[in-house]
Each structure stands twice: as C-alpha cells, then as structure tokens.
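What the coordinates show
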Amino acid sequence: MIRIGLGYDLHRLVQDRRLILGGVLFDFEKGEDGHSDGDVLLHAITDALLGAAGLGDIGSYFPPEDAKWKNADSAELLRTVWKDVKAEGWSLVNLDCVIKLEQPKFLPKRRDVIQSIAAILGVDENQIFVKAKTGEKLPPVGTSEAVEAYAVCLLESLR
Ligand code: MG
C-alpha cells in the first residue's frame, strides 16, 4: 500500500528568536516565534508523515498547552513521530517540501537542510527535496513577518 501526506505550517518572525529551518540555524535578525523552537519546515514534515500514516497531527501529539514541549527541539519531535510511523510498518518513498521565505537566502544552505532532514529520518538524501520561494514582497511572508512551509510525503507499506 502507498499513502500520501500533506503538511503545512506558518510561524511569525520576531526579534530575539532563532531562525531554524529543517534543523539548520540561519543567520537572520529575526527568528520563528512558537512554543517549541519554531522550526516551521520540520513541523510541516511532521504533519505530512502523521497524516500519511493516519496517526493524527502535531498538535494532538505534542499539545502546545503542555509545558513539556516549551522550546522543544523540533528534530526530537520529528524523530519521535517517525519512530511511531515506522512502527506501523511504513517506510518513506520521498518527501518534497516548499519553504516560503523572503529573507535570508535559502539556496546557499539547501544542501545542509536536505542533509539534516535525511539524517533525522535516517533516509537517503535523494529521497528529500526542498525548494524555496519568496513572498514577492507581499505580506506576511514578503514583509518578513512570517515564514511558511509545505511538505508532501509518500509512504509505502509492505504489510
Ligand atoms: Mg509549528
């Protein structure tokens, strides 16, 4: 059986927070607001995997009102979810993502981001792709008030 999953997330960009995308730290004057570390790309990926496996969503897995997840490492959250998805018999065919960000430039770090996601999931880099788009100066992404991410994954099960 194969199943597709879609994930989406948006985080505000604010002062005094770090900008982390796919587990990689970017140098920028603002960072993602959020209960966890705010890694918008890993959150979208986590939701895509959960959706494909029919296991719920990131909010039901890690309730934001639970203080346990305050400033949580999103890579750890994704590892936890991926372990459960694999335990249901699923393996990853591929994961394709879009990050929507005005600044800073994403391309110079794309290889790092793909390597980071592949390492978190324990898959080959050629199963992961991430492309970037700007917000064409239109709010909220284009005015650097927010960053968005979309992720689609395909899972297969031999069970
Ligand atoms: Mg989020």
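It should be noted that the structure appears before, not after, this text.
Residues numbered from 1 in each chain as written. Predicted model: local features only at pLDDT ≥ 70, side-chain atom pairs only at ≥ 80, totals over all residues. Heavy atoms only, no water.

**A word on the packing of helix H1 (residues 40–53) against helix H4 (residues 110–121)**
- Across the interface, H1 lies against H4 with an axial gap of 12 Å and an inter-helix angle of 40°. Viewed along their axes, H1 and H4 adopt a mutual orientation that is oblique. As H1 packs across H4, the resulting crossing turns out to be right-handed. Within the contact between the two elements, H1 uses Leu41, Leu42, Ile45 and Leu49 and H4 uses Val113, Ile117, Ile120 and Leu121.
- The class makeup of the residues in the contact of H1 with H4 is eight nonpolar, no polar and no charged. (Axes fitted to C-alpha atoms, helices over the stretch in contact; angles between N-to-C directions. Helix = DSSP H or I, 4+ residues; strand = E, 2+ residues; numbered from the N terminus. Parallel < 35°, antiparallel > 145°, perpendicular 65-115°, else oblique. Left-handed = near helix turned anticlockwise from the far one by under 90°. Contact = heavy atoms within 4.5 Å. Nonpolar A, V, L, I, M, F, W, Y, C, P; charged D, E, K, R; others polar.)

**A word on the coordination of the magnesium ion**
- Protein coordination at the magnesium ion: the donors are Asp9 (OD), His11 (NE2) and His43 (ND1), at 2.0 to 2.2 Å from the metal.
- Of note, the donors binding the magnesium ion are all from one chain and are spaced D-x1-H-x31-H.
- Classification of His11 as buried rests on a relative accessible area of 10%. (Donors = N, O, S within 2.8 Å, 3.2 Å for Na, K, Ca; no water. Buried < 20%, exposed > 50% of the residue type's maximum accessible area, 1.4 Å probe, protein only.)

**Describing H4**
- In this model H4 runs 17 Å from its N-terminal to its C-terminal C-alpha over 12 residues, within 8% of the 16 Å that 1.5 Å per residue would give.
- Residues of H4 that are buried include every one of Val113, Ile114, Ser116, Ile117, Ala118, Ile120 and Leu121, and no others.
- Contacts made by the buried residues of H4 are with strand S2 (19–21), strand S3 (24–26), H1, helix H3 (74–87), strand S5 (90–100) and strand S6 (128–133).
- One or two steps after H4, the chain reaches Gly122, where phi turns positive at roughly 65°. (Expected span 1.5 Å × (residues − 1).)

**Quick look at the sheet that holds strand S7 (residues 146–157)**
- Strand order in the open sheet made by the five strands is S4-S1-S7-S5-S6, with mixed pairing throughout. The open sheet has two edge strands, strand S4 (31–32) and S6, and neither has a second partner.
- When S5 meets S6, the two strands line up parallel, connected through six bridges. Residue pairing across strands places Lys100 opposite Lys133, the latter belonging to S6.
- On the sheet, H1 packs against strand S1 (2–14), S4, S5, S6 and S7 and is oriented at approximately 155° with respect to S1.
- Each of S5 and S6 touches H4; the most contacted strand, S6, lies at about 140° to it. (Pairing = 2+ DSSP bridges.)

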